[in-house]
Amino acid sequence: MTKREQRRLEKRQQIIEEKGIICLDNVTAQYPGTDTTALDQVSLRINKGEFVFIVGNSGSGKSTLIKLLLKEITPVEGDIYVGGYELNRLSHRKISFFRRTIGVVFQEFRLLKERTVYDNVAFAQRIIETPVYEIKRNVPEILAMVGLPGKYKASAKDLAGGEQQRVAIARALVNKPSILLADEPTGNLDPQNTREIMKLLEEINELGTTVVVVTHNNQIVDEMRKRVIQLNFGSISSDEEGGYYTYED
Amino acid sequence: MKIRTLSYLIKQGFANIFRNRWYSLASVATISACLFLFGLFYAVVANFQSIVMKAEEGVSVTVFFHNEYDKCEEHTEEQLTTQDQAKELQSRIEARNEVSEVNFITEDEAWEVFAKEYYGENYADGFLDNPLVGEYSYEIFLSDVDAQSALVDWLYSIPQVRKVNYSELTATTLSGANLLIAYVSMGIIAVLLAVSVFLIHSTIAMGISARSVEIMLMKYLGATDFFARFPFVVEGVVIGLIGTIIPLVGIYSLYNYALSYVVERFTMLSNFLNFLTVEEVFHFLVPVSFLVGMGIGFLGSISSARKHLRV
Ligand SMILES: Nc1ncnc2c1ncn2[C@@H]1O[C@H](COP(=O)(O)OP(=O)(O)OP(=O)(O)O)[C@@H](O)[C@H]1O
Ligand SMILES: [Mg+2]
């Protein structure tokens, strides 16, 4: 590591300590060509190592929040800090390096269906130019951790839904991100698999990764007693430690 | 960029061709079709051009001189030439740019040719003297038929010149044909190129949208623009390469077949029409096809990748 990289790392550490690993400061988001504000002056802080549920009705802005955190979209107003990066000041060239510090999981798994489980996970490591001998060591290790030991020769499309989501989680984790973002990771799974995947996310969190999970599953939220941030029409309507999913109709 | 990443990306480019074999096939077919048309068209045009050029080489201007034996016309003293004096003009004519060859035809040679044509082998019977005495001439071949009229004007400006024989019609027809071929071929080639770049661009765009999941993942996993785009460029160039080889092989065998067919069936025709050999045609066609084929593949994929693959 060069001196310059060292300094940047230190600066990021400092921002994380000051503002938390995720920080939104008065953030307003709007999709181009629409006049509804998807998020309306939202401020929020998530500290390193937290496990947070984001809940809320359909259209309340949960996915928009996730997209903002990935700098997939930019806010019309307000500052966002993720993992010590100030997103408004991140150049296009640096976005890819910023994204390497975040793992993402989606409802629809998004696996490369024709390829093997191994290739799906190794794909993430290839992108960050990990040497092949390290990939060969890391991939089985992470697959064992998500509960899929010995499955790596199987084609992704031949796996059950719960197994596919485990592969997606392994892929998100193999590059050792400091934050894991999950947008309705159990939306396509039965209650049994939902419980197991949530358990897995909790274990990952216990190993030190900050985890943010968007979900509609009130039962799980009520069971797990984590911090719950509820969105309502683009604003935070409640934010409670050890909270419940409150119903609004 | 590490070497192992580069080799991985090149392998990915090749793998993508097989993974998306229908798109690859469509792209190869597009480029092949365009280059096949281009090749056929070039072969025909090149032959036309060579025939026109052969015809041009045969275009000649004949110059006659004033001489004392000619009783039909008035001559001034200074205009009269002897054969030897006329010969001295040769270097002046040869020095002109548009002239490729100059032959001096003596009065005896002229009579020999003329008499043979009219009286057969025994022409000499009954003529003791050459009736064409004084009819020595120059036969001038042109390297550029466009310049014929300028040459004729210049020749008439020489006082000793009595008459210049030439065909205006042949010269203008040939140079017109030349120009027409050039314009039409440029136009058709431009259209073919534009069509194939457009087609390859959209084929690659289709390939990219078919792989939208993979590309989206690259984005989320932090791939650089180069990492995401390079395999597509490899893919485009390789597809261009394959799309070049196929029509070249096709045209090679088709051309050979057509040539032997024409030569066999129309022996007469091929005697005075000079067709190009397949080697002569391919001498130009091969490098240009490869350049164009790979260029189309490269441009098509890079433009598509730049448009759709900003990570
Ligand atoms: N790509 C888009 N273009 C325009 N408007 C959008 C787009 N995506 C979302 N929106 C709008 O932004 C608002 C918030 O949407 P968002 O996707 O964040 O909701 P959500 O909480 O994730 O809902 P769900 O639970 O259905 O996933 C909604 O009004 C939605 O219509
Ligand atoms: Mg959503």
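Residues numbered from 1 in each chain as written. Chains lettered and ligands numbered in written order. Predicted model: local features only at pLDDT ≥ 70, side-chain atom pairs only at ≥ 80, totals over all residues. Heavy atoms only, no water.

Asker: Requested: an account of the overall build of chain B, with residues and values cited.
Answerer: Secondary structure summary: chain B contains eleven helices and four strands in total. Here the C-alpha radius of gyration of chain B, 32 Å, is well above what a compact globule of 311 residues would show, namely 19 Å. By its C-alpha atoms, chain B is 100 × 45 × 30 Å across when sized along the principal axes. Burial status across chain B gives 41% buried among its 311 residues. Sequence separation of at least 24 residues holds for 82% of the intrachain contacts in chain B that already meet a minimum separation of 6. (Helix = DSSP H or I, 4+ residues; strand = E, 2+ residues; numbered from the N terminus. Rg over C-alpha atoms; globule rule 2.2 N^0.38 Å. Buried < 20%, exposed > 50% of the residue type's maximum accessible area, 1.4 Å probe, protein only. Contact = heavy atoms within 4.5 Å.)

Asker: Explain the overall build of chain A to me, using residue names and the numbers behind them.
Answerer: Helix and strand content of chain A: eight helices and ten strands. By its C-alpha atoms, chain A is 50 × 45 × 35 Å across when sized along the principal axes. Excluding contacts between residues fewer than 6 apart, the proportion of contacts in chain A whose partners are at least 24 apart in sequence is 68%. Carbon and sulfur atoms make up 47% of the accessible area of chain A, which totals about 11,800 Å². Taking the average location of the 34 positive side-chain charges in chain A and that of its 34 negative ones, the two points are 10 Å from each other. (Areas by Shrake-Rupley, 256 points an atom, 1.4 Å probe, with all protein chains shown as cover. Lys, Arg positive; Asp, Glu negative; His and termini not counted. Charge placed at Lys NZ, Arg CZ, Asp CG, Glu CD.)

Asker: Let's hear about the layout of surface pockets: which residues, and what values?
Answerer: All names here are of chain A. What the largest pocket holds in volume is close to 1,100 Å³. Together, 28 residues line the largest pocket, and Arg-8, Leu-9, Arg-12, Tyr-85 and Phe-97 are the ones closest to its centre. Among the elements that take part in the lining of the largest pocket, helix α1 (residues 3-19) stands out by supplying eight residues, more than any other. When grouped by side-chain class, the residues that make up the lining of the largest pocket number ten nonpolar, seven polar and eleven charged. (1 Å grid on protein atoms, 1.4 Å probe; cavity = no way out; pocket = protein on both sides within 12 Å on 5 of 7 lines; lining within 4 Å. Points joined across faces, edges and corners; volume = space filled by probe spheres on them. Nonpolar A, V, L, I, M, F, W, Y, C, P; charged D, E, K, R; others polar.)

Asker: Can you tell me about the interface of chain A and chain B, naming the residues and giving the values?
Answerer: With 23 residues of chain A in contact, the opposing surface of chain B contributes 22 residues. Buried area between chain A and chain B, summed over both chains or domains, comes out near 2,200 Å², and the portion from carbon and sulfur atoms is 60%. The largest per-residue losses of area from chain A upon contact with chain B belong to His-92, Ile-127 and Glu-129 of chain A, which jointly make up 28% of the total buried on that side. Our count for the contact surface shared by chain A and chain B stands at one salt bridge. We note a salt bridge from Arg-115 of chain A to Glu-214 of chain B, for which the minimum N-O separation is 2.9 Å. Run the count over chain A and chain B and you get seven residue pairs in polar contact (both at pLDDT 80 or more). Sorting the residues of the side of chain A that touches chain B by element identifies α3 (92-99), β6 (102-106) and α4 (117-127) of chain A as the ones contributing at least two each. (Buried area = accessible area lost by both parts, 1.4 Å probe. Salt bridge = Lys/Arg side-chain N within 4 Å of Asp/Glu carboxyl O. Polar contact = N/O pair within 3.5 Å; in protein donor to acceptor, adjacent residues only side chain to side chain.)

Asker: Account for the site of ligand 1, with residues named and values stated.
Answerer: Residue and element names in this part refer to chain A. Taken together, 13 residues surround ligand 1, and among them Ser-58, Gly-59, Lys-62, Ser-63 and Thr-64 come closest. Within the backbone of Ser-60, one N or O atom sits 3.3 Å away from an oxygen atom of ligand 1. Contact between ligand 1 and Lys-62: an oxygen atom at 2.8 Å from a side-chain N or O atom of the residue. Bound to the protein, ligand 1 loses 63% of the 630 Å² it would expose on its own. (Near = heavy atom within 4 Å.)

Asker: Please provide a residue-by-residue account of helix α1 (residues 3-19) of chain B, values included.
Answerer: Compared with the 24 Å implied by 1.5 Å per residue over 17 residues, the 24 Å span of α1 of chain B between its first and last C-alpha is a close match. For α1 of chain B, the set of buried residues is Thr-5, Tyr-8, Leu-9, Gln-12, Gly-13, Asn-16 and Ile-17 of chain B. Next to the buried residues of α1 of chain B lie α4 of chain A together with α2 (21-57), α8 (212-220) and α9 (225-265) of chain B. (Expected span 1.5 Å × (residues − 1).)

Asker: Explain the sheet that holds strand β4 (residues 161-165) of chain B to me, and be specific about the residues and the numbers.
Answerer: All names here are of chain B. Here we have four strands laid out as an open sheet, ordered β2-β3-β1-β4, and antiparallel in their pairing. Two strands bound the open sheet, and with one partner strand each, they are β2 (99-105) and β4. Each strand of the sheet is rotated relative to its neighbour by a mean of 20 degrees, with strand direction disregarded. Of the strand pairs in this sheet, strand β1 (residues 60-65) and strand β3 (residues 137-142) are connected by five bridges, and their pairing is antiparallel. Bridging from a neighbouring strand, Thr-62 pairs with Glu-139 of β3. Packing of helix α6 (residues 148-156) onto the sheet brings it into contact with β1, β2, β3 and β4, and relative to β4 it is tilted by some 165 degrees. (Pairing = 2+ DSSP bridges. Axes fitted to C-alpha atoms, helices over the stretch in contact; angles between N-to-C directions.)

Asker: Break down the domain arrangement of chain B for me, with residues and values.
Answerer: Assigned domains of chain B: these are domain 1 (3-55 + 173-309) and domain 2 (60-166). Between the C-alpha centres of domain 1 of chain B and domain 2 of chain B there is a distance of 53 Å. (Domains from an automatic or database assignment.)

Asker: Could you give me a rundown of the packing of α1 of chain B against α9 of chain B, with the residues and numbers involved?
Answerer: All names here are of chain B. It is the contact of α1 with α9, at a shortest axis distance of 8 Å, that shows an interaxial angle of 55 degrees. Accordingly, the angle class assigned to the pair α1 and α9 is oblique. The handedness of the crossing between α1 and α9 is right-handed. Contacts between α1 and α9 involve Thr-5, Leu-6, Tyr-8, Leu-9, Ile-10, Gln-12, Gly-13, Phe-14, Asn-16 and Ile-17 on the former and, on the latter, Phe-226, Phe-227, Phe-230, Pro-231, Val-234, Glu-235, Val-238 and Ile-239. In terms of residue class, the contact of α1 with α9 is made up of 13 nonpolar, four polar and one charged. (Parallel < 35°, antiparallel > 145°, perpendicular 65-115°, else oblique. Left-handed = near helix turned anticlockwise from the far one by under 90°.)

Asker: Before we move on, could you go through the pattern of salt bridges and cite the residues and values that matter?
Answerer: All names here are of chain A. The full count for this structure, using the stated rule, is ten salt bridges over all chains. One salt bridge connects Glu-108 with Arg-110, and the closest N-O pair in it is separated by 2.8 Å. Overall, the relative accessible area of 17% leaves Arg-110 in the buried class. A salt bridge links Arg-227 to Asp-239; its shortest N-O distance comes to 2.9 Å. On the criterion of sequence distance, the pair formed by Arg-227 in strand β9 (residues 227-232) and Asp-239 in strand β10 (residues 235-240) is long-range, its members being twelve residues apart. Each member of the salt-bridge network shares a partner with another, and the members are Glu-50, Arg-227 and Asp-239.

Asker: Provide a residue-level description of empty space enclosed by the protein, including the pertinent values.
Answerer: Counting across every chain of the model gives seven cavities of 30 Å³ or more. In this structure, the largest cavity encloses a volume near 70 Å³. Taken together, Phe-123 of chain A together with Tyr-8, Leu-9, Gln-12, Asn-16, Arg-211, Glu-214, Ile-215, Met-218, Phe-227, Pro-231 and Phe-232 of chain B make up the lining of the largest cavity. If you list the elements that add at least two residues to the lining of the largest cavity, you get α1, α8 and α9 of chain B. A total of four residues in the lining of the largest cavity trace back to one element, the largest contributor, which is α1 of chain B. Of the residues contributing to the lining of the largest cavity, the split by class is eight nonpolar, two polar and two charged.

Asker: Tell me what's going on with the sheet that holds strand β1 (residues 22-30) of chain A, and back it up with residues and numbers.
Answerer: Residues and elements named next belong to chain A. One open sheet accounts for four strands, arranged β2-β1-β4-β5; its pairing is antiparallel. In the strand order of this sheet, the two ends are held by β2 (37-46) and β5 (85-86), each with one partner. Together, β1, β2, β4 (77-82) and β5 form the strand contacts of α1, whose direction differs from that of β2 by roughly 100 degrees.

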